[in-house]
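What follows is each chain in one-letter form.
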Amino acid sequence: MNRRLRLIGTLALVALFVSPAVFAADTVVLKLGNIQAPGQSASLACERMAKLALERSNGRLKIEFFPASQLGNAITQIEGVMMGTQDMFQDAAEWMSQFEKDYHILAMAFAFRDQSHLQAFFNSPMNAEIKERLRKDRGIRIVAENWNRAPRVLVSKKPVNNPAELQGIKMRVPEIEMYLLVWKAMGTQPTQVAWGETYLALMQGLVDAMEGPFDTLLSMKFFEAAPNISMTTHLISASSVSINNAKFQKMPKELQEILVGAAKEAGDYFTQLGIESMTKDRKEMESKGAKFITVDLKPFQDKVAPLAKELEETGKWSKGLYGKIQELK
């Protein structure tokens, strides 16, 4: 009897010192990656999402975050999510165009008037159908699309006031086909360069210009290599948070809801950081020598306008999609 009591006592002591996670059958650990640098707004928001998920689940939902392309470039990471070797990915929603053709529209310059217009599309039945195809055909589930990014602008070594001054310059674009097509239509010589290699490409003269979301320019120091920033606002975009669908479906419903809620709340935080950067970051960059150029948007819009019609006719996205998006309020 004494031996039995001692055994019970020993087990009780062990239980006190072993993490509750060991005994929680539904504890979930998710590996999340992005391509942005630590401290950049997207990475700060990913950290916020992980913190919210951990707190609201009482430690049962842990997101391990790997920024700065630690898990590979964007396409590699999305493919990892598809295969289940990586659980989650966060970055520009248009990366998904590699795997769902209708998302090419997200990278079409001037396709969206403003952030409200873009969110109207994300909240539309059109987008619901696209997401469902992505889930069924590719195994990727989008859990948040409200990570509104600062508008994308042009960064160049020489001042650019109009499309005529873009002709023939070497232009860095991401590994997204639509960016290459848009900037070729603008008259540049586009070159696909990985995000993490862009600063060096500018410094070494491999490219003369780039474009990117405004809220990345300070943290990535692009303005040091190319100090002229033309406020083209040619692309209104958002980031999304995606997860391997099979992994998501295996999670307890409670944790699914916590994850979605944390991702969307982090998206609101990311959006606010982007708004703040438009004033704060501009002042700091100006103090360090950056020159901001206000441009007339119409010549840029006119330059790429024929491209939208041409791409739709060749099947780059579904027939009529561009027109339906323009009709959204």
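First, a word on what this report is: a plain description of the structure on this page. (Residues numbered from 1 in each chain as written. Predicted model: local features only at pLDDT ≥ 70, side-chain atom pairs only at ≥ 80, totals over all residues. Heavy atoms only, no water.)

1. Here we look at the overall build of the protein
Each helix and strand counted, the protein has 13 helices and eleven strands in total. C-alpha extents for the protein along the principal axes are approximately 95 × 45 × 30 Å. Residue pairs in contact within the protein that sit at least 24 positions apart in sequence constitute 76% of those at least 6 positions apart. Split by element, the accessible area of the protein, about 15200 Å² in all, is 54% carbon and sulfur. Taking the average location of the 41 positive side-chain charges in the protein and that of its 37 negative ones, the two points are 5 Å from each other. (Helix = DSSP H or I, 4+ residues; strand = E, 2+ residues; numbered from the N terminus. Contact = heavy atoms within 4.5 Å. Areas by Shrake-Rupley, 256 points an atom, 1.4 Å probe, with all protein chains shown as cover. Lys, Arg positive; Asp, Glu negative; His and termini not counted. Charge placed at Lys NZ, Arg CZ, Asp CG, Glu CD.)

2. Focus on the environment of Ile243
On the secondary structure map, Ile243 appears in strand 10 (residues 238-244). Separated by 212 residues in sequence, Ile243 and Lys31 have C-alpha atoms that sit 9.6 Å apart. Look past the residues within four positions of Ile243 in its chain and what remains in contact with it is Leu30, Val81, Asp87, Met88, Gly139, Ile140, Arg141, Val143, Phe248, Met251 and Leu259.

3. A short note on the nonpolar core
Counting 77 residues, the largest nonpolar core has Trp95, Leu106, Met108, Phe121, Ile229 and Met285 as its most contacted members. Ranked by residues supplied to this core, first place goes to helix 12 (residues 297-313) with five residues. Beyond its immediate stretch of four places on either side in the chain, Leu106 contacts Ala93, Glu94, Phe112, Leu118, Phe121, Phe122 and Leu235. Ala45, Cys46, Ile63 and Leu255 belong to the second-largest nonpolar core, a separate cluster that totals 28 residues. (Core = buried A, V, L, I, M, F, W, Y, C linked by side-chain atoms within 4.5 Å. Buried < 20%, exposed > 50% of the residue type's maximum accessible area, 1.4 Å probe, protein only.)

4. Brief notes about the pattern of salt bridges
Per the stated rule, a full pass over the model turns up 14 salt bridges. As a salt-bridge pair, Lys51 and Glu55 come within 2.7 Å of each other at their nearest N and O atoms. A residue pair is termed a helical-turn pair when its members lie 3 or 4 positions apart in one helix, as Lys51 and Glu55 do in helix 2 (residues 41-56) at four residues. Of the charged contacts, one joins Asp102 and Arg133 as a salt bridge, the two residues approaching to 2.8 Å between their closest N and O atoms. On the criterion of sequence distance, the pair formed by Asp102 in the loop between strand 3 (88-92) and helix 4 (115-122) and Arg133 in helix 5 (residues 125-138) is long-range, its members being 31 residues apart. (Salt bridge = Lys/Arg side-chain N within 4 Å of Asp/Glu carboxyl O.)

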